[in-house]
Amino acid sequence: MNPKQVVQNYLDIFFGEKFNPIILKPLLTDDFSFNGPLMEANSSEEFIAKLKHFGEEIEMNATIHKLVCEATTVVAQYDFLLPNKSIVPATEWYEVEDGEISKMLLICDPKHFLI
């Protein structure tokens with residue numbers, strides 16, 4: 001699977017109808033790192049544990065606008081669609097190594113998540 005396909009698979013699961021963070025784990029390296037405005041994680045285990053909590057608080061829905069891939073870097077542009085009808089534009093950067101995501105950086109304004 002190429003890097004763009006790996007990220008598309010991740011997004012399909014993350015924003016799928018029945019969000020289940022546990023099934024994301026095989027797509028992440030053990031030393032995976034995540035940095036975003038509302039959380040950070042330094043391993044796939046920590047990320048999954050935090051997503052379980054975070055995912056129960058909001059619905060994980062989005063409109064994906066674009067995926068761009070260059071070598072092992074994939075950038076996604078999308079809008080989070082929140083239950084309060086807010087739309088939060090987001091950009092996420094992924095690094096993919098040997099078919100697994102090793103790093104993610106989420107850039108968005110988190111204020112609508114906190115309402």
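All figures in this text were calculated on a predicted structure; none of them were measured in a lab. (Residues numbered from 1 in each chain as written. Predicted model: local features only at pLDDT ≥ 70, side-chain atom pairs only at ≥ 80, totals over all residues. Heavy atoms only, no water.)

**Q** Sorry if this is basic, but what is going on with the pattern of salt bridges here?
**A** A full pass over the atoms with the stated rule returns 4 salt bridges. A salt bridge links lysine 25 to aspartate 30; the nearest nitrogen and oxygen atoms lie 3.8 Å apart. Given a relative accessible area of 24%, lysine 25 falls into the partly exposed group. Residue classification places aspartate 30 among the exposed residues on the basis of a relative accessible area of 62%. Across the salt bridge formed by lysine 50 and glutamate 46, the nearest N and O atoms sit 3.1 Å from each other. Of this pair, lysine 50 and glutamate 46 both sit in helix H2 (residues 44-57), 4 residues apart, which is roughly one turn of the helix. Using a relative accessible area of 32% as the deciding quantity, one classes lysine 50 as partly exposed. Counted as one network, the salt bridges with shared partners bring together Lys25, Asp30 and Glu45. (Salt bridge = Lys/Arg side-chain N within 4 Å of Asp/Glu carboxyl O. Buried < 20%, exposed > 50% of the residue type's maximum accessible area, 1.4 Å probe, protein only. Helix = DSSP H or I, 4+ residues; strand = E, 2+ residues; numbered from the N terminus.)

**Q** So what exactly am I meant to see when it comes to the nonpolar core here?
**A** Side chains of nonpolar character tend, in soluble globular proteins, to be buried together. Residues Tyr10, Leu11, Phe47, Tyr78, Phe80, Tyr94 and Ile101 are the most contacted members of the largest nonpolar core, which totals 32 residues. Looking at this core, the elements that each hand over two or more residues are helix H1 (3-14), strand S1 (28-35), H2, strand S4 (73-81), strand S5 (87-97) and strand S6 (100-108). Counting residues per element, this core draws most heavily on H1, which supplies 6 residues. (Core = buried A, V, L, I, M, F, W, Y, C linked by side-chain atoms within 4.5 Å.)

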